[in-house]
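Residue strings, one per chain:
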Amino acid sequence: MKSFILALLPGLEEETGEFFDQVLNLLDRLSTTVSLSFFLENVWLILLTVPPARGTALNLVSRRLPRLVAENGRYIGELHSKADDQDRFRYNAWT
């Protein structure tokens, strides 16, 4: 699976490329054919082990990874103020 995804990733290098939409649709179909967790696990392995493919793999992840939503329906990124994030990083990141 990892090598198949890796073979398709060059099609995502240029967002205006001729095959971008076709490759993205193929990867979407692949992610529904196998379990989503298995598909994302293989994308994660590509991110970790294949430095030349990291840019295109991140492009795929940024387009298709589900947004994290809190119980109140707001996007997680909106929930914390910048100061709160800095304090949390400063005091809790390395403990």
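Refer to the structure presented above.
Residues numbered from 1 in each chain as written. Predicted model: local features only at pLDDT ≥ 70, side-chain atom pairs only at ≥ 80, totals over all residues. Heavy atoms only, no water.

Section: the environment of Thr33
Alright, step 1. By secondary structure assignment, the location of Thr33 is in helix α2 (residues 20-33).
Alright, step 2. A polar contact of 2.7 Å, which involves the side chain of Thr33, links it to the backbone oxygen of Arg29. (Helix = DSSP H or I, 4+ residues; strand = E, 2+ residues; numbered from the N terminus. Polar contact = N/O pair within 3.5 Å; in protein donor to acceptor, adjacent residues only side chain to side chain.)

Quick look at helix α4 (residues 54-64)
Alright, step 1. Listed as buried for α4 are Thr56, Ala57, Asn59 and Leu60. For α4, the buried positions fall inside an angular range of 155° around the axis, keeping them on one side. Facing away from the buried surface of α4 by more than 90 degrees, the exposed residues are Gly55 and Ser62. (Buried < 20%, exposed > 50% of the residue type's maximum accessible area, 1.4 Å probe, protein only. Arc of directions from axis to C-beta.)

Things to note about helix α3 (residues 36-49)
Alright, step 1. With 14 residues, α3 extends 20 Å from end C-alpha to end C-alpha; this agrees with the ideal 20 Å at 1.5 Å per step.
Alright, step 2. Here α3 has its buried residues at Phe39, Asn42, Val43, Ile46 and Leu47. An end-on view of α3 places all buried positions within 145° of arc, on one side of the element. In α3, the exposed positions angled more than 90 degrees off the buried face are occupied by Ser37 and Trp44. (Expected span 1.5 Å × (residues − 1).)

Things to note about the side chain of Thr56
Alright, step 1. Relative to the helices and strands, Thr56 resides in helix α4.
Alright, step 2. For Thr56, a relative accessible area of 10% gives the class buried.
Alright, step 3. A polar contact of 3.1 Å, which involves the side chain of Thr56, links it to the backbone oxygen of Ala53.
Alright, step 4. Excluding anything up to four places from it in sequence, Thr56 contacts Leu9, Leu12 and Glu13. (Contact = heavy atoms within 4.5 Å.)

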